[in-house]
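Descriptive analysis of the structure
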Amino acid sequence: MKNIIETKSLTKKFGALTAVNNVNLQVKEGEIFGFLGPNGAGKTTTISMLTTLMKPTSGAALVAGYDLIKDASRVRSVIGVVPQSFSLFPELTAEENLEYIGKLYGMKHSVIKERIVYLLKTVALYEHKSRISGKFSGGMKQRLSVAASIMSNPSVLFMDEPTTGLDPQSRIAIRELTRTLNKSGITVFYTTHDMEEAEKLCDRIAIMDKGKIIALGTSNEIKQSIREELLVEVELESVSKSIIPELKQMPYVSSVHQNGNFLNIKVNQKGGIFFKLSNFFNKKRQKVLEIRVKEHSLEDVFIHLTKKDLRD
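Because the structure is predicted, anything quoted here is derived from the model rather than measured. (Residues numbered from 1 in each chain as written. Predicted model: local features only at pLDDT ≥ 70, side-chain atom pairs only at ≥ 80, totals over all residues. Heavy atoms only, no water.)

Things to note about the sheet that holds strand E15 (residues 288–294)
The sheet built from 4 strands is open, its strands ordered E13-E14-E12-E15 with antiparallel pairing. A single partner strand is all that each edge strand has here, and the edge strands are strand E13 (253–259) and E15. Taking the axes of each pair of neighbouring strands and ignoring which way they run, one obtains an average angle of 20° across the sheet. Pairing of strand E12 (residues 230–236) with E15, which is carried by 6 bridges, proceeds in the antiparallel orientation. In the strand pairing of E15, Leu231 is matched with Lys294. The sheet strands contacting helix H10 (residues 273–283) are E12, strand E14 (262–267) and E15, and the helix crosses E15 at an angle near 150°. (Pairing = 2+ DSSP bridges. Helix = DSSP H or I, 4+ residues; strand = E, 2+ residues; numbered from the N terminus. Axes fitted to C-alpha atoms, helices over the stretch in contact; angles between N-to-C directions. Contact = heavy atoms within 4.5 Å.)

What follows is the structure, encoded as C-alpha cells:
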C-alpha cells in the first residue's frame, strides 16, 4: 500500500516551546491509523498542521499527494474532519446542515440531495432528517458530524476523539461506522484516549509524547517493546497484608497491585520466576491457587512509555 500521509521532520514551535519536534510519519492508504498520547503531547498541533489549520515552523508533509503548504486548498478538498465537540449549526435540521456543507463544496443540487439520503441512511439518521440537530443526543450529533465530514467524499478522514463523552451504545455505533467508512475506501486518522478502542479498531498505532513519536507499529508490535517485563497474576486463597511489602522488596519485582485475592506482579526476570514466586508464597504459608503470565495491554505500554505524570 502506498502512503497517503507522509511527514518529513514536521515541526511546530510556539516561541521557546517546541510542540511538535521533527515528526516523521507514514500513514498507508486504506488503514485506520491510531494516534495516541497524553494531554499536551502534540497530537492536536500535529492534526492542525495536517488539516491546514496551522502552518509548520519547518519540515514538510504530503496528504493524498498534495503538499501541505503549496497545495493547502487541494489538501482541504480531499480530507474530512470529525471534531470532538459538535460544530454544526444546532438551529438547522440534519438535512439542512448537510445541504449547507454540500453548497460550501460547490456540489450540484441533485448530487447534494442524493448524497444526503445516502449519508443519513449510513449514519442511521434518515428518520430524523427533519429534526433540529441541536435537540439530538450526543451520539446522534456525533453521527451527524461524521456525515458532514464525508459529504465531499474525502480520501482521508481525521477523527479527533469522536467517542469522548458518549454512552457505551453510541461509542460502539461510532466504531462500527468508522469501520464501515474505512471499508468503503476512506483512510482514517483516529485520535483517542481509549486504549481498548485503539487496540480493537486501529491497524497501526503511533504514540506521541513531548512532541515526538515514541512508538509506532501494530498493537502487538508495540506491546512487544516491553516484553523485558513479565506481568504475572497470582491467585491466592487469601492474602496476608504483610506479604505485599515483602514482595515489593524482592530484587526481581518492579511493582505489585492487589485486587481481592489476586496479585498482579510485574517482574524483570523471566528465568525460574514461577519457581521463585511459588517458593516465596510457600514460605509465607500462602496457598497459591494459580499462577499465570498475563499479556501486557496497550495501556500498560502507554503508561510504561509516557510514565504516570499527570499532564495539563
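Some details on the pairing of strand E9 (residues 187–191)
Of all 5 residues that make up E9, 5 are buried, and the element is covered over most of its length. Side chains Thr187, Phe189 and Thr191 project from E9 onto one buried face, and the interleaved Val188 and Tyr190 project onto a second face that is buried too. Two strands pair when backbone bridges link them, and strand E4 (residues 32–36) and E9 are joined in this way by 4 bridges, in the parallel orientation. If you follow Phe35 over to E9, its bridge partner there is Thr191. Sheet topology note: the strand E8 (residues 156–160)/E9 ladder contains 5 bridges and is parallel. Residue Phe158 lies in a different strand from E9, and its bridge partner there is Phe189. The handedness of the E8 to E9 crossover, carried by helix H6 (residues 168–183), is right-handed. (Buried < 20%, exposed > 50% of the residue type's maximum accessible area, 1.4 Å probe, protein only. Right-handed = clockwise from strand over helix to strand, strands pointing away.)

Side note on the pattern of salt bridges
Per the stated rule, a full pass over the model turns up 9 salt bridges. The residue Arg204 makes a salt bridge to Glu31 at a minimum N-O spacing of 2.8 Å. Placement of the pair is Arg204 in strand E10 (residues 204–209) and Glu31 in the loop between strand E3 (26–28) and E4, with a sequence separation of 173 residues. Of the two residues, Arg204 and Glu31, neither departs from the other in class, the shared state being buried. (Salt bridge = Lys/Arg side-chain N within 4 Å of Asp/Glu carboxyl O.)

A few points about the packing of helix H5 (residues 138–149) against H6
The contact between H5 and H6 brings their axes to 10 Å, and the two run at 15°. When the axis of H5 is compared with that of H6, the two are roughly parallel. In the crossing of H5 with H6, the sense of the turn from one axis to the other is right-handed. From H5, Gly139, Gln142, Arg143 and Val146 reach across to H6, where they touch Ser170, Ile174, Leu177 and Leu181. For the contact of H5 with H6, the class distribution of residues is 4 nonpolar, 3 polar and 1 charged. (Parallel < 35°, antiparallel > 145°, perpendicular 65-115°, else oblique. Left-handed = near helix turned anticlockwise from the far one by under 90°. Nonpolar A, V, L, I, M, F, W, Y, C, P; charged D, E, K, R; others polar.)

Side note on the environment of Phe274
Residue position: Phe274 is located in helix H10. Judged by its relative accessible area of 36%, Phe274 is partly exposed. Expressed as a C-alpha distance, the spacing of Phe274 and Val293, which sit 19 residues apart in the sequence, is 9.4 Å. Aside from chain neighbours lying at most four places away, what touches Phe274 is Ile291, Arg292 and Val293.

Some details on H5
With 12 residues, H5 should cover 16 Å at 1.5 Å per step; its first-to-last C-alpha distance of 17 Å lies within 8% of that length. The buried count for H5 comes to 10 of 12 residues, which makes it a mostly enclosed element. Taken as a whole, H5 has its buried residues at Gly139, Met140, Gln142, Arg143, Leu144, Ser145, Val146, Ala147, Ala148 and Ser149. Turning to H5, the residues buried within the fold contact strand E7 (79–82), helix H3 (94–104), helix H4 (109–122), E8 and H6. (Expected span 1.5 Å × (residues − 1).)

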